[in-house]
Each structure stands twice: as C-alpha cells, then as structure tokens.
Amino acid sequence: MTQSTTAPRRVAIAGALGRMGHAIAAAVEAHPGLTIGAVCDRPGTEGQTLNGRHLMTPASALEMVDVLIDFSTAAAGAALAAHAAQQVKDGATSHPALVIGATGATAEEEAIIRRAADSVPIVRALNFSLGVNILAGIVEATARRLAARDWDIEIFEAHHKRKVDAPSGTAFQLGRAAAKGRDVDLDQVSERVRDGHPGARGEGAIGFSVMRGGGIIGEHTVSFIAEDEIITFAHSARDRSLFARGAVEAAHWVLGKPPGLYAMSDVLGFTRET
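What you see is a predicted model; the values in this text were computed from it and never measured.

The subject of this paragraph is the packing of aromatic side chains. Within this structure, the stated rule accounts for four aromatic pairs. Here the aromatic rings of Phe71 and Phe128 are separated by 5.3 Å at their centres, their planes lie at 50°, and the arrangement is tilted. Of this pair, Phe71 sits in the loop between strand E5 (67–70) and helix H3 (74–89) while Phe128 is found in the loop between strand E7 (121–124) and helix H5 (130–145), placing the two residues 57 residues apart along the sequence. Since its relative accessible area comes to 18%, Phe71 is described here as buried. The buried category is assigned to Phe128, whose relative accessible area is 2%. Their ring planes at 50° and their centres at 5.4 Å tell us that Phe172 and Phe208 sit as a pair that is tilted. Of the two residues, Phe172 is situated in helix H6 (residues 169–182) and Phe208 in strand E10 (residues 206–212); the sequence distance between them amounts to 36 residues.

Attention now moves to the sheet that holds E7. Pairing is parallel in the open sheet, where six strands are placed in the order E2-E1-E5-E6-E7-E13. Edge positions in the sheet fall to strand E2 (34–40) and strand E13 (260–262), since each has one partner strand and no second. Direction aside, the axes of adjacent strands within the sheet are offset by 20° on average. Of the strand pairs in this sheet, strand E1 (residues 9–14) and E2 are connected by six bridges, and their pairing is parallel. Bridge assignment links Ala12 to a residue of E2, and that residue is Ala38. Set on the sheet, H3 makes contact with E1, E5, strand E6 (97–100) and E7; between it and E6 the angle comes to about 170°. Here helix H4 (residues 107–116) sits on the sheet and contacts E6, E7 and E13; the angle it forms with E7, its principal contact strand, is near 145°.

Between Ala166 and the following residue, Pro167, the backbone shows a cis peptide bond with an omega angle of -10°. Here Pro167 shows up in the loop between strand E8 (152–159) and H6. Even without a glycine there, the phi angle at Asn51 is positive, about 50°. Relative to the helices and strands, Asn51 resides in the loop between strand E3 (49–50) and strand E4 (53–54). For Asn51, a relative accessible area of 63% corresponds to the exposed category. A positive phi angle, close to 60°, is found at Asp183, a residue other than glycine.

A complete count under the given rule lists one cavity of 30 Å³ or more for this structure. Its volume calculated, the largest cavity comes out at about 50 Å³. Residue lining of the largest cavity: Ile13, Ala16, Gly21, Ala25, Ile36, Val39, Leu50, Asn51 and Arg53, and that is the complete set. Only helix H1 (19–30) and E2 provide two or more residues apiece to the lining of the largest cavity. Residues belonging to the lining of the largest cavity are distributed by class as follows: six nonpolar, two polar and one charged.

Next up on the list: the layout of surface pockets. For the second largest pocket, the calculated volume is near 1000 Å³. Along the wall of the second largest pocket there are 42 residues; nearest its centre are Met20, Phe71, Ser72, Thr73 and Ala102. In terms of residues, the lining of the second largest pocket owes the most to one element, H3, which gives four residues. Taken together, the residues of the lining of the second largest pocket break down into 18 nonpolar, 15 polar and nine charged.

Time to look at the side chain of Asn127. Take Asn127: it is sitting in the loop between E7 and H5. Using a relative accessible area of 6% as the deciding quantity, one classes Asn127 as buried. Within the local environment of Asn127, its side chain forms a polar contact with the side chain of Thr170, the two groups lying 2.7 Å apart. Sequence-distant contacts of Asn127, defined by excluding residues within four places in its chain, comprise Val132, Asn133, Thr170, Gln173, Phe243 and Met264.

Strand order in this open sheet of five strands is E9-E10-E8-E11-E12, and the pairing throughout is mixed. Where the open sheet ends on each side, the last strands, each with one partner, are strand E9 (190–191) and strand E12 (230–237). One ladder, built from seven bridges, connects E8 with E10; its direction is parallel. Within the sheet, the bridge partner assigned to Glu154 lies in E10 and is Gly207. Docked against the sheet, H5 engages E8, strand E11 (218–225) and E12, running at close to 165° with respect to E12.

This next bit is on the pairing of E10. As paired strands, E9 and E10 are joined by two bridges and run parallel to one another. Residue pairing across strands places Ser190 opposite Ile206, the latter belonging to E10.

Conventions we followed
Residues numbered from 1 in each chain as written. Predicted model: local features only at pLDDT ≥ 70, side-chain atom pairs only at ≥ 80, totals over all residues. Heavy atoms only, no water. Phe/Tyr/Trp six-rings, centres within 6.5 Å; stacked < 30°, edge-to-face > 60°. Helix = DSSP H or I, 4+ residues; strand = E, 2+ residues; numbered from the N terminus. Buried < 20%, exposed > 50% of the residue type's maximum accessible area, 1.4 Å probe, protein only. Pairing = 2+ DSSP bridges. Axes fitted to C-alpha atoms, helices over the stretch in contact; angles between N-to-C directions. Contact = heavy atoms within 4.5 Å. 1 Å grid on protein atoms, 1.4 Å probe; cavity = no way out; pocket = protein on both sides within 12 Å on 5 of 7 lines; lining within 4 Å. Points joined across faces, edges and corners; volume = space filled by probe spheres on them. Nonpolar A, V, L, I, M, F, W, Y, C, P; charged D, E, K, R; others polar. Polar contact = N/O pair within 3.5 Å; in protein donor to acceptor, adjacent residues only side chain to side chain.

Here it is, written out as structure tokens:
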C-alpha cells in the first residue's frame, strides 16, 4: 500500500474498551493523518457499541485498516501478529502494519512476534514514552562509563495495583540498557528477589525493586550507587495519554515501511536498537 498525503489512514484499536484503548482513540482522533477504522476487544465483546462504533473480531479489524495498535495483552498481541503474517502468506493484497505495546510477554510470544515481522512491519516496544527512551540512552551511556566494581545499579518502579506483571517492561528496558552499557547479559546479573537472608550484593549486579498500589501510572528511577555518592535518573508518567501519543506516532511512522521488527529508537530517529 502506498501512503496517501491527503486521506487519513485507517487505524484499528485492539483492547478498545480499556483505559489505554480510550487514550489511544483520543490520540488517533487528534492526529491529522489518521482516523479510527475499527475497534475490537476480548472475545465475546463483538457487536457491542463503543462511541457509535461496533466492536468486531480482531481478525475482521485487521482486514479493514492500514495499521493496528494493540496494548491489550501480550498473548493477544502475539496472536494478532501471527494472524497478520498468515494473511500475507495466504496472498492478501493488503495487510496492516502493527504497533504492539503489551508487557509481560513470554519468550514464545516474543518469538511469534519476531517471526511475524518477517512478513509485516511491526513496531514493538515496552514503553512508547519519548522521555523513557531518552532515559534508556542516558542509562546505557552512564553504565558504560562507571565501573561495576565501584558502582551498583538499582532500578525502582511503581505502578497501579491492577498491573499484573513485575518488574515492569519499562524496568526491564532500563535494565537491558544498563547491561548493554556494561556489555553483559541482564539475565546473568539481575537481582529481582530479596527475602530472608539473600547474602551480600554481588559485584556488577543490577537490582530491581517494585511497588504496586493505588492508581500510580508509572514511576521509574535508575540509581548508580557508590560508597560515597549516588547518581539517580528518574521518569514520572503523569497521564496515560503520553503513551498513547507515542503509540499513535509509531503507527503513523510505520505506514509504508517494509516488513521488519522496529523499535521506538527507529521511530524517534535514534540509533537502531539491537
């Protein structure tokens, strides 16, 4: 499909009944180059009406739009990606790009998304905030310059009491940035549980701390801690609309792109993440 310079491109919103779905709908409606073309949610909601639009199945929504945005669940995002890729294999003359933002995906679900990206363009990110993505770059650069033998790294995150995964996807994004700066594998150096008598902190460990409560939208800090000084970088999300605006910008950016798995660093014009 070629990108029109006049007619707004059609966007499908998966998880349209949720809070993020409402925020994304508002962001799409405010974007001059996009319009809502379809809405869908969990199985059993088909036929319900949302702001004058009838909810449909995700498969039907994919067939009606140029790009689909999904922040519902990791399982749903993987299923949508697989279905979109299958459309291409079945010879569909047109197929949507995807923007997938749900956290808590299993390794198998992430693998499904990667395979689908061989056939369709997908923007996959755990956080669509411009500020968080800049923070990740700062964390990587700082970790590269501060020796692990002298500086401990601790990542703290806080979210609302309804969030089901921990640590957050954004916390892991920041942890991976720190590990990349130190040229280590995060899985080999992360400390995620401290209870009882876990012993002294190991040299080079990247620690994670978690708070859940109330309606906290998202708080993240990364601290570099030496014996006699502490450096702390922080990001606070004040409104879900910031994530929705980032996702909608990603949806507009990915239109017309070749198949591939893209990150927010691509959308923002930063160096491509590896």
